[in-house]
Structures are given as structure tokens and as C-alpha cells.
Amino acid sequence: MGSYPVVLVSSPPLADEIFREHDVSFAGKPESPLADRLLFGDSGFVTAPYGEYWRFMKKMCVTELFSTRQLERSRSVRREELARFLRRLAMKSQATAAVDLRDELLTLGNNIICRMAMSMKCSEEDNEAKRYRTLVNATRDLTLKMLLTSMLGPFKKLGRFMLRKQATEVPARFDELLEGILKKHEERSGGGADDETNCDDLMDILLRVSKDPNAEVNVTRKNIKAFFLDLFLAGTGTTTDATVWVMAELINHPEVFKRVRKEIHDLIGSSNNGRLVEETDIPNLPYLQAVVKEAMRLHPPVVVVPRACRETCNVGGFDIPKGTAVAINVYSIMRDPAVWVNPDDYSPERFLKSSDDSGRRSHHGGFIPFGGGRRMCVGSAMALSVIHCAVAAMVHCYDWKLENGEESVNMETTLGFNMALAKPLVCLPKLVCAESVFQSVEVSSL
Ligand code: HEM
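This write-up is about the structure you can find in this document. If you're wondering where the values come from, they're calculated on a predicted model, not measured in any experiment.

Here we take up the overall build of the chain. From N to C terminus, the chain includes 15 helices and 8 strands. When each of the 446 residues of the chain is scored for burial, the buried share is 54%. Across the chain, every contact between residues at least 6 apart in sequence was considered, and the portion connecting residues at least 24 apart equals 74%. By element, 53% of the accessible surface of the chain is carried by carbon and sulfur atoms, the whole surface being about 20,500 Å².

Written out as C-alpha cells, the structure is:
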């Protein structure tokens, strides 16, 4: 890749071997090819080397944000945000106005993460959600450009020079935003961030750790900002893109759409006398789950998982020297004909246990949209809750037509870190359920 040697792993059994047998050896992250690591230098979590700092932050994520107990506690936040999202769609439906689905879903995802991790709401009035959205998009755009620039060999200095304005402005804007949130948290806890009683979110906890000279790990203010930025960058775009892909496939396959709606009606009642789908309903909606899995298999938001080999080891008969960068090719693995029958076909049925023609030759490996091993995505459970509930609610409450009058969605993809639709999915939602389904959900004022 550019001037960096990388071993590309496209075979399901070899990826499986890396994630299971050599998990610790491959728990490293490659040196970033971006010369001056974007934004907060090398203080981040996603790119942190496997070691004490990464283990501590992982523990924080697992216990304070994404544990089953914490996810149950924050369920009402996600339900409220989903109802708010459905209300915004209802207004569009009333006005026969078009919706850019990605924008609306990004607002939903940003609001959920802001509220869960920082007890902060993005106000619709002052366009805070839009500010986040713009910044997250600008950061992703800049990161991609810098990565491409780093591959230009002798011209990379020129490329960097051309990006210098953007590379100064975007980090400064994010820094300002996160510094403001940190200050609010400090004011709330009396300036010292050391009042246990006020400790109600992850940002409070990390601020306390950063001020504790006896803390098990040294966490700096820069680390905290980098960590929250990582959560945004790793969590919002991916979840949004995955949901957009599920909806694009459903619009292109009306018979599948109808079957998902029927499954929902059978479980929670028809559109007129039903209620809003709950996270606890998901285990009882197997076809919906299959539909989400199939869209994630065909269109994984993260197409390549970057890892680094921490010690020389042998994988599938190949010696991989210590320090080698490894790219696990999620896209190819999830379309490998050795694992999947007609791998390029859309067939949610392949994920149904009862299916005669399972559409899947092997149940070992081959489905890795969240990576694997100890560096597997920490937000996968939450992402799946949000995707399932958002899709179920959109199918239950609305009919969907494309704004341009076309019958099917153009499935061309973008080149970037995340696999996304090249053209925005702009739709006309038509309300088909009683508004009480989502209006009855109590929504706190912003
Ligand atoms: C559909 C949605 C998502 C997809 C497809 C996805 C995918 C991934 C993948 C492939 C990785 C790399 C795993 C590996 O190296 O094996 C990853 C890592 C990560 N993801 Fe996600 N992710 C999603 C949602 C989220 C959410 C909602 C969050 C948090 C709010 C999140 C936070 C992270 C973090 C912090 C890491 C780094 C973990 C580490 O290095 O230990 N992701 N994700």
C-alpha cells in the first residue's frame, strides 16, 4: 500500500486463525501512514498499541459504556432518540418532503452517542447535530486525503502542503468542541471533576482518572479528547452506513420489505394499533436479523481491518515477521464462494436457521463485519441494537419511495474508509402507522 508493505489476508480460514489462535500476536495496530497523526497525535484508542493504556480504555468502554447492564440502563435514551427521529420523518411525510436518509440517521447516531457517553444532547434548534455531522464528515474526508497523499511517493510533501489549511482547521474545530464539553463537565462537578456523586457518565470518570495521581494509568486531557473523537469516528458513520445499506436493499427488494413488516406486525400488532418496536423485541424478529446480517455481509461499512504483527509467527504455513502490517480483507472474506453460496446474491434467507438451502457452506468464520479477537469492535452490541430498531421502526411506520421516481436504488459505492452509497439515498417517507406509535413515547426537552 503506497510505500508501506502490507500482508493482505483474504482467506476466511486464515482470518479465523489470526483472530482465534494468534489473537495476541495480531492485537497491534500498524503505524499510521499519516505523517503527523491527525488531530490528537497518537493519543487515540482505536490506533493505540496493544498495551496498558489500550487495556485500561477497553475496560472503561466495556464496563462503563457497553456492558449489558449499561446498555440496559441507557435503553431509554435510545428509545427517546428513535421516537424523535420518527417524528422528524413524520414532519417530512406531512409536507411530502424528501429526506436524505444518511443525514437523518447520522443525527440519530450522534445524539445517541453524545447522550450515552457525555450526557449531552445535540440541540436541533441551534443545529448542534449538524455541526457534529459536518465535522465528522470533514475529518473523514481529510483523513482519506492524507492517507492518499502519503502514497504519492516523491510528491507527498506537495500533497501535504496543499492540505495544510484543512489539516489545521478541522482539528482546531474538533478541539474547541470537545474542550467546551470537558469544561461543562468540570463545572458540573465543582471544577475538580473529583466528586464521585456527580459521576454519571464516561467523560466524568475519565476526567477524574486524569486528575488522580494514583490512577492505574496516566490519562491526559488529550487522551480524553482523542478517545471521544474515536468513538464518534468509529461509531457514527459505520452505524449510519450499515443502516442505509439495509434500507437500500429493502427498497430494492419489496418482497423482503413486506416480509419484515409482516414479522413486525405479527409480533407487536398492526400499524394502527401497534406500539413502537423495542430493543427487547429483536430476539423475536429472526427475519429482521437475517436482513441486517445480509446487508452487512454484502456491504460491510469497514472493508479492511488493519492490524500489526507483534511477534513473528506462522499463519497457514506463512511466516509473518514481527512488525508486519496486516490488512484483513473483510469485503472479500464475506463474499468468498468457499463459505457463501452465490456470494454476490442478496439472500437474507441464508442466515435463517430453518432454511433448507442455507446459502452458507461453513459456519466457521466468514462473517466478520466487526472484526474479531480482542480488538474486535467494542460498540458492536450497541450498533446492532440501533440498526435493528431503526430499520424495524422505519419499516413498521413508513412506506418508502425514491425521490427521483426511480424504482431501485443505485448501489454504486464510494471509495473511502467506510463503504457507503456513492449517491445520497434521498427518499419520500409516507406515514402508514398511527402517529401515537411514536408520539406516545415521552421525549425530554432539549
Ligand atoms: C455497524 C457499525 C460498526 C461497524 C461495522 C464497526 C466495525 C468495526 C471494525 C471492523 C473494527 C476493527 C476491529 C478489529 O480490528 O478486529 C472496529 C473497531 C472499533 N469500533 Fe466499531 N464498528 C461499528 C460501530 C461502532 C460503534 C457504535 C462504536 C462506538 C460508539 C464503535 C467503536 C469502535 C472502537 C472504539 C473500535 C476500536 C477497538 C480497539 O481497537 O480495540 N464501533 N469497529
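In this structure the iron atom of the ligand is ligated by exactly one protein donor, Cys-377 (SG), at 2.3 Å. Mapping Cys-377 onto the fold places it in the loop between α13 (330–333) and α14 (380–397).

Bringing the environment of Ser-189 into the picture now. Here Ser-189 is to be found in the loop between α8 (164–188) and α9 (202–210). Owing to a relative accessible area of 8%, Ser-189 belongs among the buried residues under this scheme. For the pair formed by Ser-189 and Arg-208, sequence separation is 19 residues and the distance between their alpha carbons is 9.9 Å.

Moving on: the side chain of Glu-17. Mapped onto the fold, Glu-17 is located in helix α1 (residues 12–20). Notably, Glu-17 is buried but unbridged: the nearest opposite-charge side chain belongs to Arg-20, and the N-O separation is 10 Å. Glu-17 has contacts with His-22, Asn-314, Val-315 and Gly-316, leaving out every residue within four places of it along the chain.

Before going further, it helps to spend a moment on the sheet that holds strand β6 (residues 325–329). Strand order in the open sheet formed by 3 strands is β1-β6-β3, and the pairing between neighbours is mixed. Edge positions in the open sheet fall to β1 (6–9) and β3 (304–308), since each of these has one partner strand only. Across the sheet, the mean angle separating the axes of adjacent strands is 25° when strand polarity is ignored. One ladder, built from 4 bridges, connects β1 with β6; its direction is parallel. Bridge assignment links Val-7 to a residue of β6, and that residue is Val-326. Contacts from α1 reach β1, β3 and β6 within the one sheet, and its direction differs from that of β6 by about 125°.

Judged by nonpolar contacts, the single largest core of 113 residues is most densely connected at Leu-86, Phe-228, Leu-250, Trp-400 and Leu-425. The element that contributes the greatest number of residues to this core is helix α10 (residues 221–252), accounting for 14 residues. Dropping the residues within four chain positions of it, Leu-425 is found in contact with Val-99, Asp-100, Leu-101, Val-244, Met-247, Ala-248, Ile-251, Leu-402 and Val-409. Judged by nonpolar contacts, the second largest core, of 16 residues, contains Cys-313, Ile-328, Val-330 and Met-334.

A few words now on the sheet that holds strand β7 (residues 398–402). The antiparallel open sheet is built from 3 strands, whose spatial order is β2-β8-β7. The outermost strands of the open sheet, each flanked by one partner alone, are β2 (99–100) and β7. Pairing of β7 with strand β8 (residues 426–431), which is carried by 5 bridges, proceeds in the antiparallel orientation. Looking across to β8, one finds that Asp-399 is bridged to Lys-430. The strands touched by α14 are β7 and β8; relative to β7, the strand with the most contacts, the crossing angle is about 90°.

Moving on, we get to the site of the ligand. Looking at the ligand, there are 29 residues lining it, with Trp-54, Val-305, Arg-307, Arg-375 and Cys-377 nearest. For the ligand, a nitrogen atom lies 3.5 Å from a polar atom in the backbone of Ala-234. The contact in question runs from an oxygen atom of the ligand to an N or O atom on the backbone of Gly-372, over 3.1 Å. Breaking the shell around the ligand down by element, the ones donating at least two residues are α10, β3 and α14. For the shell around the ligand, the element with the highest residue contribution is α10, accounting for 6 residues. Of the residues assigned to the shell around the ligand, the class counts are 20 nonpolar, 6 polar and 3 charged.

Here the focus is unusual backbone geometry. With phi around 45°, Thr-96 is a residue other than glycine that occupies positive phi space. Relative to the assigned elements, Thr-96 resides in the loop between α4 (75–94) and β2. With relative accessibility at 63%, the residue Thr-96 sits in the exposed group.

Take the packing of helix α11 (residues 254–268) against helix α12 (residues 286–298) next. At their nearest, the axes of α11 and α12 sit 8 Å apart, and the two run at 140° to each other. Facing Val-256, Arg-259, Val-260 and Glu-263 of α11, the residues of α12 in contact are Pro-286, Tyr-287, Leu-288 and Val-291. Of the residues in the contact of α11 with α12, the class split is 6 nonpolar, no polar and 2 charged.

Cut-offs and rules
- Residues numbered from 1 in each chain as written.
- Predicted model: local features only at pLDDT ≥ 70, side-chain atom pairs only at ≥ 80, totals over all residues.
- Heavy atoms only, no water.
- Helix = DSSP H or I, 4+ residues; strand = E, 2+ residues; numbered from the N terminus.
- Buried < 20%, exposed > 50% of the residue type's maximum accessible area, 1.4 Å probe, protein only.
- Contact = heavy atoms within 4.5 Å.
- Areas by Shrake-Rupley, 256 points an atom, 1.4 Å probe, with all protein chains shown as cover.
- Donors = N, O, S within 2.8 Å, 3.2 Å for Na, K, Ca; no water.
- Lys, Arg positive; Asp, Glu negative; His and termini not counted.
- Salt bridge = Lys/Arg side-chain N within 4 Å of Asp/Glu carboxyl O.
- Pairing = 2+ DSSP bridges.
- Axes fitted to C-alpha atoms, helices over the stretch in contact; angles between N-to-C directions.
- Core = buried A, V, L, I, M, F, W, Y, C linked by side-chain atoms within 4.5 Å.
- Near = heavy atom within 4 Å.
- Polar contact = N/O pair within 3.5 Å; in protein donor to acceptor, adjacent residues only side chain to side chain.
- Nonpolar A, V, L, I, M, F, W, Y, C, P; charged D, E, K, R; others polar.

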